[in-house]
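Next come the chains, spelled out residue by residue.
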Amino acid sequence: MKDFNPASSFGYAVSRRYDEHLRGDEAETVAFLARMADGRDALEFAIGTGRVALPLSRTGVRVDGIELSLDMVDRMREKPDGSDLQVIIGDMSRATTGRTYGLVYLVYNTIGNLLTQDDQVQCFKNAARHLTDDGVFVLECRIPTALARPGHQFVDVEEVELEHVTLGVSQYDAVSQILDCNHVTIGVDGVILSPIRLRLAHPPEFDLMAGIAGLQLRERWGGWRCEPFTASSWRHVSVYERVRCGDAINPHGSKTISRATDLAADAS
Ligand SMILES: C[S@@+](CC[C@H](N)C(=O)[O-])C[C@H]1O[C@@H](n2cnc3c(N)ncnc32)[C@H](O)[C@@H]1O
């Protein structure tokens, strides 16, 4: 998509219709995140219109946000309690609220909005910067299934209704790991285009980014209800924590090994 501008992909028009079609998993997302917060304060990277942050704050968790789009935040401000949350307008890979949290989270594939590997690494570092010593960073993202598609271009049927249909028209570049997708809604009132560009990555690449940021994988689930993460999972919910002094990361998986002798035993 030539001339794609990430800063304008969640502009005024998108912010107005963003909450028309919720994902439907908000309650379980909030339940999981509230457990992770465990009474501590939380920070949402890319807080958007508060789809998750507002119901999470109603459970008693204080939620702050960092968000690039003023239009999305303006939409949140119009909702009940939407003016109570503190939001920094800026890039989640660099902006700071100047304090730390027991929970930092980034959901709905949004790490992919950072279009280079370096920016995604910076995002992990920024998450680590905002964590208390015992805090956790929760990342939810789709598994890049596009890689398996022949020809790397495809059309998905996203919605079929009486007065409109929505198609996802996509093209994937395996070299840059960039997915270009245009959600095309064809309705009785005309055609609406919602283009988005994402950099896709598999979970092990995120784990390496976490390592660079001084974090390690603590848990990985296939969904918000703690479904097991398997080869057929379509998404992952990953929980990262700080690498503790004396810990080493097991190259074969997420288990944390705390002594050199354990490392030797694991290798044998
Ligand atoms: C798919 S929406 C997700 C919003 C919200 N987290 C949710 O789950 O509904 C993606 C959001 O990420 C924001 N965004 C994209 N790139 C960003 C960046 N570099 N820093 C902060 N926010 C960003 C967009 O403006 C948009 O609000």
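**Q** Teacher, can you tell me more about the overall build of the protein here?
**A** Assigned secondary structure in the protein consists of seven helices and 13 strands. Buried positions account for 32% of the 268 residues belonging to the protein. Sequence separation of at least 24 residues holds for 60% of the intrachain contacts in the protein that already meet a minimum separation of 6.

**Q** What should I look at first to understand the nonpolar core in this one?
**A** Formed by 53 residues in total, the largest nonpolar core has its most connected members in Leu33, Ala42 and Leu103. Element by element, the count of residues in this core is highest for strand 5 (residues 131-142), at six residues. Setting aside residues no more than four positions away along its own chain, leucine 103 makes contact with Leu33, Met36, Ala37, Arg40, Ala42, Gly135, Val136 and Val138.

**Q** Help me out: how do you make sense of the site of the ligand in this one?
**A** What surrounds the ligand is a group of 20 residues, the closest being Phe10, Ala46, Gly48, Arg51 and Ser69. Partitioning the shell around the ligand into residue classes produces 12 nonpolar, five polar and three charged.

**Q** Which parts of the structure should I look at to understand the pairing of strand 9 (residues 190-199)?
**A** If a strand is regular, its side chains alternate between the two faces of the sheet. Two elements, strand 8 (residues 178-187) and strand 9, share 10 bridges in a ladder whose sense is antiparallel. Bridge pairing in strand 9 places cysteine 181 opposite isoleucine 196. Linking strand 8 to strand 9, which pair antiparallel, is a turn of two residues.

**Q** Sorry if this is basic, but what is going on with the pairing of strand 7 (residues 164-173) here?
**A** Sheet analysis places strand 6 (residues 153-160) next to strand 7, joined by seven bridges and oriented antiparallel. Residue pairing across strands places valine 155 opposite valine 169, the latter belonging to strand 7. Connecting strand 6 to the antiparallel partner strand 7 that follows it, the hairpin turn spans three residues. Pairing of strand 7 with strand 8 involves 10 bridges; the strand directions are antiparallel. Across the sheet, aspartate 173 pairs through a bridge with isoleucine 178, a residue of strand 8.

**Q** How should I be thinking about the sheet that holds strand 7 in this particular structure?
**A** As a general point, the strands of a sheet are linked pairwise by backbone hydrogen bonds and lie either parallel or antiparallel. In space, the four strands of this open sheet follow the order 6-7-8-9, with antiparallel pairing throughout. The two strands at the open ends of the sheet, each matched to only one other strand, are strand 6 and strand 9. Adjacent strand axes in the sheet meet at a mean angle of 20° when their direction is disregarded.

**Q** In this structure, what is going on with the packing of helix 5 (residues 117-129) against helix 6 (residues 203-212)? I would like to understand it.
**A** How two helices sit against one another is set out by the angle between their axes and by the gap between those axes. Contact geometry of helix 5 with helix 6 gives a least axis separation of 8 Å together with a crossing angle of 55°. Judged by the angle between their axes, helix 5 and helix 6 are oblique. The element helix 5 and its partner helix 6 pack so that their crossing is right-handed. Facing helix 5, whose interface residues are Gln120, Val121 and Phe124, helix 6 presents Met209, Ala210 and Ile212. Residues that form the contact of helix 5 with helix 6 fall into these classes: five nonpolar, one polar and no charged.

**Q** I keep staring at helix 4 (residues 70-77) and nothing clicks. Help me out?
**A** Helical periodicity: at 3.6 residues per turn, an α-helix aligns residues three or four positions apart in one direction. Within the sequence span of helix 4, burial applies to Met72, Val73, Arg75 and Met76. Down the axis of helix 4, the buried side of the element spans an arc of 155°, and every buried residue falls inside it. Tucked into the core, helix 4 has its buried residues touching helix 1 (12-17), strand 2 (63-67) and strand 3 (87-89).

**Q** What's the story with helix 6 in this structure? I'm lost.
**A** Along helix 6, the residues classified as buried are Phe206, Met209 and Ala210. Buried residues in helix 6, looked at end-on, bunch into an arc of 100°, giving them a common side. More than 90 degrees from the buried face of helix 6, the exposed residues found are Pro204 and Ile212. Here the buried face of helix 6 lies against helix 5, strand 5, strand 10 (215-221) and strand 11 (235-242). Just downstream of helix 6, glycine 214 is the residue with a positive phi angle, here 80°.

Definitions and cut-offs
- Residues numbered from 1 in each chain as written.
- Predicted model: local features only at pLDDT ≥ 70, side-chain atom pairs only at ≥ 80, totals over all residues.
- Helix = DSSP H or I, 4+ residues; strand = E, 2+ residues; numbered from the N terminus.
- Buried ≥ 20, exposed ≤ 12 C-beta atoms within 10 Å, placed from the backbone.
- Contact = placed C-beta atoms within 7 Å.
- Core = buried A, V, L, I, M, F, W, Y, C linked by C-beta atoms within 7 Å.
- Near = placed C-beta within 6 Å.
- Nonpolar A, V, L, I, M, F, W, Y, C, P; charged D, E, K, R; others polar.
- Pairing = 2+ DSSP bridges.
- Axes fitted to C-alpha atoms, helices over the stretch in contact; angles between N-to-C directions.
- Parallel < 35°, antiparallel > 145°, perpendicular 65-115°, else oblique.
- Left-handed = near helix turned anticlockwise from the far one by under 90°.
- Arc of directions from axis to C-beta.

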